[in-house]
Amino acid sequence: MRRLGLRARVTAGFAVGALLLSAVMALVSYELTRRSLLQERERTALRAAYFDAAVVRTGLDMDSPDVVEVLRSLDIGTRRALVQRNGTWYSRNPDAGDTDAIPADLQDIVRSGRPAVQRVRIDGQPTLLVGVPLGASVGYYELTSLRELEQTLQVLALALTAVAIMVAASGAAFGWYATRHSLRPLTAVADAAEKIAEGNVTARLDPATDPDLTRLSTSFNHMVDQLAQRIERDRRFAADVSHELRSPLQTLAAAVSVIDRRRDQLDEPVATAVGLVAEEIERFQRLVDDLIQLARGDQPADRQPVDVEELARHACRTRSVPDGIVHLAADTPSTWWVDRRRVEQLLVNLLDNAVRYGGGPVAVRLRRRGTVGIVEVDDEGPGVPVEDRTEIFDRFVRGRAAHARAAGDGTGLGLALVAQHAAAHDGTATVDDRPGGGARFRVELPGSLP
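Computed from a prediction, not measured in an experiment: that's the story for all the values here.

Reading the values: the criteria
Residues numbered from 1 in each chain as written. Predicted model: local features only at pLDDT ≥ 70, side-chain atom pairs only at ≥ 80, totals over all residues. Heavy atoms only, no water. Helix = DSSP H or I, 4+ residues; strand = E, 2+ residues; numbered from the N terminus. Buried < 20%, exposed > 50% of the residue type's maximum accessible area, 1.4 Å probe, protein only. Phe/Tyr/Trp six-rings, centres within 6.5 Å; stacked < 30°, edge-to-face > 60°. Pairing = 2+ DSSP bridges. Axes fitted to C-alpha atoms, helices over the stretch in contact; angles between N-to-C directions. pLDDT = per-residue confidence, 0-100. Contact = heavy atoms within 4.5 Å. Salt bridge = Lys/Arg side-chain N within 4 Å of Asp/Glu carboxyl O. Core = buried A, V, L, I, M, F, W, Y, C linked by side-chain atoms within 4.5 Å. Expected span 1.5 Å × (residues − 1). Parallel < 35°, antiparallel > 145°, perpendicular 65-115°, else oblique. Left-handed = near helix turned anticlockwise from the far one by under 90°. Nonpolar A, V, L, I, M, F, W, Y, C, P; charged D, E, K, R; others polar.

Focus on the overall build of the protein
Then, number 1: What the protein contains, in helices and strands, is twelve helices and twelve strands.
Then, number 2: Each of the 450 residues in the protein was classed as buried or not, and the buried ones make up 37%.

If you want it as structure tokens, here you go:
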């Protein structure tokens, strides 16, 4: 099960906290309001019932009173009035449901000479029942409907529920906003780390961004400074060693070439040994050249207008590859704003890689995506396994296809140079499967097109 991120957990915590708080406040508010309204309604019903009971008592003081007429003389509006006299029920309008709904225990209380109040349901409707004793065997009962009060409480419950939901949503929004701003310094650290991982060792954090993270920013910048110094030392070492090796290598190459031209005059074992030495010296020279290119790679790209289509065709011809495989997309101009030396080198390296390990290049595509120029080189080899597609651009790393097919004449720096030249243009180098089989190497060069 995938664990939620920090921002999601904090946002959920704010939402749950706000929901619990708002729910508690809503329940308390509802209960207080409900009690207040019911108590007020009961007080009002009691006052009205006592007043009406006094009127009924006066009407029943006659020798032969008409109880029904006395009840009809009351101004009770929607309330309903009943009188129980000597065990007989009287009402303004005959309604057996009202008399049957009066609980027996409440009748006993009224008969004992004490008033009583009780909430009951008659025909599913909430009703407030008030009983007032009028004499030894006479009781007055008044029924007040609580339907409107119940509807009011239902509306109040819905309103409080809606408020609780809105408060929870507001809490979630506040949590998201708070975490967004709280995590912004960490986002800056992550962005800087990504730039450094891509080779941009000039990325730094501003210590003044957040006082609480000053120590983190300072330590991070110090770490990057140390890393940059180490990389610079390694670069200088590689450059110095490469330059120092170039002169003796040229001397060796010249000497071996003299002997190699007279190979037919040598014994077969000696001639074979001379051939092997010549091949290894040639490979050594390519390695030194690649190391020098890597040492120069940290320099910024020298962008200028370049006819990339013609440059790609020239790269094909230098590698004895038909230049007809170069295709320029219809909506893409041939002139790009790039570093000519770097783009030519990455094209040559991609073509060499396809020749050595991919069965030969089958297409070189030049196209655009907005202002990004895209170079794609397809081959018809076995492709690159997914697990090798990232590290294949590292230095001195050769993919499984290289180990399986090549004779060991590669330096392991060709694709690293491709990635470095792409990074110098703030771009990337990637590899994917080619539709129909093989590999497709893609280099993206941002800002190379208007």
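Having seen it, we continue.
Here's the deal with the packing of aromatic side chains
Then, number 1: This structure, assessed with the given rule, holds three aromatic pairs.
Then, number 2: For the ring pair F14 and F174, a centre distance of 5.5 Å and an interplane angle of 65° mean the geometry is edge-to-face. Taken together, the residues span a long stretch of sequence, with F14 in helix α1 (residues 6-60) and F174 in helix α5 (residues 147-182) at a distance of 160 residues.
Then, number 3: Overall, the relative accessible area of 48% leaves F174 in the partly exposed class.
Then, number 4: Relative to F441, the ring of F393 lies with its centre 6.2 Å away and its plane at 75°, an arrangement referred to as edge-to-face. Taken as a pair, F393 in the loop between β10 (372-379) and α11 (400-405) and F441 in strand β12 (residues 439-445) lie far apart in primary sequence, 48 residues in all. Just as F393 is buried, F441 falls in that class too.

Notes on the sheet that holds β10
Then, number 1: With mixed pairing, the five strands of this open sheet are ordered in space as β7-β9-β10-β12-β11. The open sheet terminates on both sides in strands that have one partner only, identified here as β7 (326-328) and β11 (428-433). On average, adjacent strands in this sheet sit at an angle of 20° to one another, irrespective of strand direction.
Then, number 2: Direction of pairing for β7 relative to strand β9 (residues 361-369): parallel, over a ladder of three bridges. What sits directly across from V326, in β9, is V364.

Description of the confidence of the model for the protein
Then, number 1: Here the protein averages 82 in pLDDT, while 87% of its residues score no lower than 70.
Then, number 2: Low pLDDT, under 50, characterises residues 401-408; the predicted model gives this stretch 13 contacts beyond four residues in sequence or across chains.

Some thoughts on the sheet that holds strand β1 (residues 80-85)
Then, number 1: Read from one edge of the open sheet, five strands run β2-β1-β5-β4-β3, paired in antiparallel fashion. With partners counted over all chains shown, the strands left at the sheet margins are β2 (88-91) and β3 (116-122), one partner each. Taken over all neighbouring pairs, the strand axes of this sheet differ in orientation by 25° on average, direction set aside.
Then, number 2: With respect to the sheet, helix α4 (residues 104-111) is in contact with β1, β2, β3, β4 (125-133) and β5 (138-145), its orientation differing from that of β3 by roughly 155°.

Description of the pattern of salt bridges
Then, number 1: Here the structure, examined in full by the defined rule, presents 22 salt bridges.
Then, number 2: Each of the salt bridges in this network shares a partner with another, and the network as a whole consists of E31, R34 and R35.

Focus: the nonpolar core
Then, number 1: Judged by nonpolar contacts, the single largest core of 34 residues is most densely connected at W336, L347, L350, V364, F441 and V443.
Then, number 2: Among the secondary structure elements, those contributing two or more residues to this core are α9 (308-318), β8 (335-338), α10 (340-357), β9, β10, α12 (414-424), β11 and β12.
Then, number 3: Considering every element that reaches this core, the biggest residue donor is α10, with six residues.
Then, number 4: Each residue touching F441, except ones within four places of it in the same chain, is listed here: L350, N353, V375, E376, V377, D379, V384, F393, L415, T430 and V431.

Description of α5
Residues spaced three or four apart along an α-helix face the same direction, because each turn holds 3.6 residues.
Then, number 1: Taking 1.5 Å as the rise per residue, α5 with 36 residues should run 52 Å; its terminal C-alpha atoms sit 52 Å apart, in good agreement.
Then, number 2: Listing the buried residues of α5 in full gives L149, L153, L160, A164, A168, G171, G175 and T179.

Some details on the pairing of β10
Then, number 1: Of all the eight residues making up β10, eight are buried; the element is thus mostly covered by neighbouring parts of the structure.
Then, number 2: Residue alternation in β10 divides its side chains into two sets, V372, I374, E376 and D378 and G373, V375, V377 and D379, and both sets are buried.
Then, number 3: Taken together, the eight bridges between β9 and β10 define a ladder with antiparallel strand orientation. Residue L366 lies in a different strand from β10, and its bridge partner there is V375.
Then, number 4: Counted between consecutive antiparallel strands, the loop separating β9 from β10 contains two residues, among which G370 sits at a positive phi close to 70°.
Then, number 5: In the sheet, β10 pairs with β12 via six bridges, with the strands oriented antiparallel. Of the residues in β12, the one forming a bridge with G373 is L445.

Examining the packing of α9 against α10
Then, number 1: Following both chains from N to C, one finds α9 and α10 inclined at 45°, their axes separated by 9 Å at the closest point. Between α9 and α10, the interaxial angle falls into the category oblique. Our pair here, α9 against α10, has a crossing hand that is right-handed. Of the residues in α10, those in contact with L311, A312, H314, A315, C316 and T318 of α9 are R340, V343, E344, L347, V348 and L351.

Some thoughts on unusual backbone geometry
Then, number 1: Residues other than glycine seldom take positive phi values, yet N86 does so here, at roughly 55°.
Then, number 2: Relative to the elements of secondary structure, N86 occurs in the loop between β1 and β2.
Then, number 3: Unlike most non-glycine residues, S320 shows phi in positive territory, near 55°.
Then, number 4: Mapping S320 onto the fold places it in the loop between α9 and β7.

Examining the packing of α10 against α12
Then, number 1: Contact pair α10 / α12: the axes reach a minimum separation of 9 Å and the direction vectors enclose 150°. Here α10 is positioned roughly antiparallel relative to α12, judged by the angle of their axes. The handedness of the crossing between α10 and α12 is left-handed. Here R341, R342, Q345, L346, N349, L350 and N353 of α10 come into contact with α12, specifically with G414, L415, L417, V418, Q420, H421 and A424.
Then, number 2: Tallied by class, the residues present in the contact of α10 with α12 amount to six nonpolar, six polar and two charged.

As for the side chain of S448
Then, number 1: Tracing the chain through its elements places S448 in the segment after β12.
Then, number 2: What makes S448 buried here is its relative accessible area of 2%.
Then, number 3: Discounting chain neighbours no more than four positions away, the residues touching S448 are R303, W336, W337, V338, T371, V372 and G373.

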